[in-house]
Amino acid sequence: MAVVTGSSRGIGAAAAEHLARRGAHVIILCPSSSLGTASADAMRRRLVGAQVESVVCDLARLDQVRGAAERITRLVGGRLDLLVNNAGVAALPYTRSPAGFEMHFAVNHLGHFALTGHLLPALLNAPRPRVVTVSSVLHWLGRCRAALPHAPRRYYRWPAYFDSKLANLLFTRGLTRWAQTRELPLRAISAHPGLADTTLGSRALRADGRRCEARLLEWMQARWHSPDQAAWPLLRAASDPHVTGGEFFGPGGRWEWSGSPVHVRAARRAHDDRSVARLWKLSQRLSGHPFPTSSGWPGRRGEDP
């Protein structure tokens, strides 16, 4: 049983289809019912006999994230083997989520943090569960602004995106430590797709009237690798039998823009345990504490990251 967020198009759709083709029962998460139904129907037409279902989940709405997790738990019969946190937004004008959080932080990090926490009971019913969180090669340009990442005093669209992608890596490190200190079988892995020919970023730029910037980005995107190829690092993170948790996969080509999936190096800031702890505590507070503390797991030892 596998869940893939942001799987109505692009890299997420390619990853979900590959998993379904290999026999996985896949649940795709989409922000609207019509989009999810259309995506699931199209996948079933391409893959006769594939088990594909859709669940509505706007990751910017934490109440909807909780409800989606409850529905997923029922659909999977209380056992989930794989969660792929893939959905993302980029280059948005300054926008707040319904709870008032900056939208890149809300969707790319906080929604996935909450979804993972709410799905923990189902994940821990699987013998070797995995959580794959998708970052970006551009996380190198990110900063951990731990005081107010959800409500920046000054806003710049691309740095906000870079920061959220660094947060994805900090979350994976925190989740790895959280599971290891409790001696749980959960494995957290990160991946990045390189540079892919998708509409991520350009859609928001066009909607904001920044047509020249959007055309330049689209011209560059057309020269990068396809969504199918870009999904390879995600799929290796999801299926490589040798992963133990904490690994980071990306394309092995020049500058990690494209190529076959390999282990890649994260920026030093992604290994800063103080940043991990600050972000974890903030995310717990903002999302309503979806991760149990040590006292919530009888017989397990260890504290929050």
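Everything that follows concerns the structure shown earlier in this document.
So, a few notes on the structure that sits alongside this text. Source: prediction; values computed, not measured.

Given two aromatic rings, their pairing is described by the distance between the two centres and the angle made by the two planes. The full count for this structure, using the stated rule, is twelve aromatic pairs. Between Y94 and Y155, the ring centres sit 4.9 Å apart and the planes meet at 55°, which makes this aromatic pair tilted. Taken as a pair, Y94 in the loop between β4 (82-85) and α4 (103-118) and Y155 in the loop between β5 (130-134) and α6 (157-181) lie far apart in primary sequence, 61 residues in all. Here Y94 falls in the partly exposed class, since its relative accessible area comes to 36%.

Looking now at the pairing of β4. Side-chain alternation along β4 places L82 and V84 on one buried face and L83 and N85 on a second face that is also buried. Both strand β1 (residues 2-5) and β4 contribute to a ladder of three bridges, which runs parallel. From the neighbouring strand, V3 faces β4, where its bridge partner is L83. Strand direction decides the pairing type here: β4 and β5, joined by four bridges, are parallel. Paired with L83 across the two strands is V131, which belongs to β5.

A separate point is the environment of R61. By secondary structure assignment, the location of R61 is in the loop between β3 (52-56) and α3 (62-75). For the pair R61 and G111, spaced 50 residues apart in sequence, the C-alpha to C-alpha distance is 7.5 Å.

Cut-off values and rules
- Residue indices begin from 1 for each chain and proceed along its sequence in written order.
- The predicted origin of the model limits local features to residues at a pLDDT of at least 70 and limits the giving and counting of side-chain atom pairs to 80 or more, whereas totals for whole chains, interfaces and linings rest on all residues.
- Processing note: side-chain calculations cover all non-hydrogen atoms of the structure and skip hydrogens and water entirely.
- Any pair of Phe, Tyr and Trp rings, taking the six-membered ring for Trp, is counted once the centres come within 6.5 Å. Such a pair is stacked with planes under 30 degrees apart, edge-to-face with planes over 60 apart, and tilted for the rest.
- In this description a helix means any DSSP run of H or I spanning at least four residues, a strand means any run of E spanning at least two, and both kinds are numbered starting from the N terminus.
- Residue exposure (1.4 Å probe, protein chains only): buried if accessible area is under 20% of the type maximum, exposed if over 50%, otherwise partly exposed.
- For two strands to count as paired, DSSP must find a minimum of two bridges between them.

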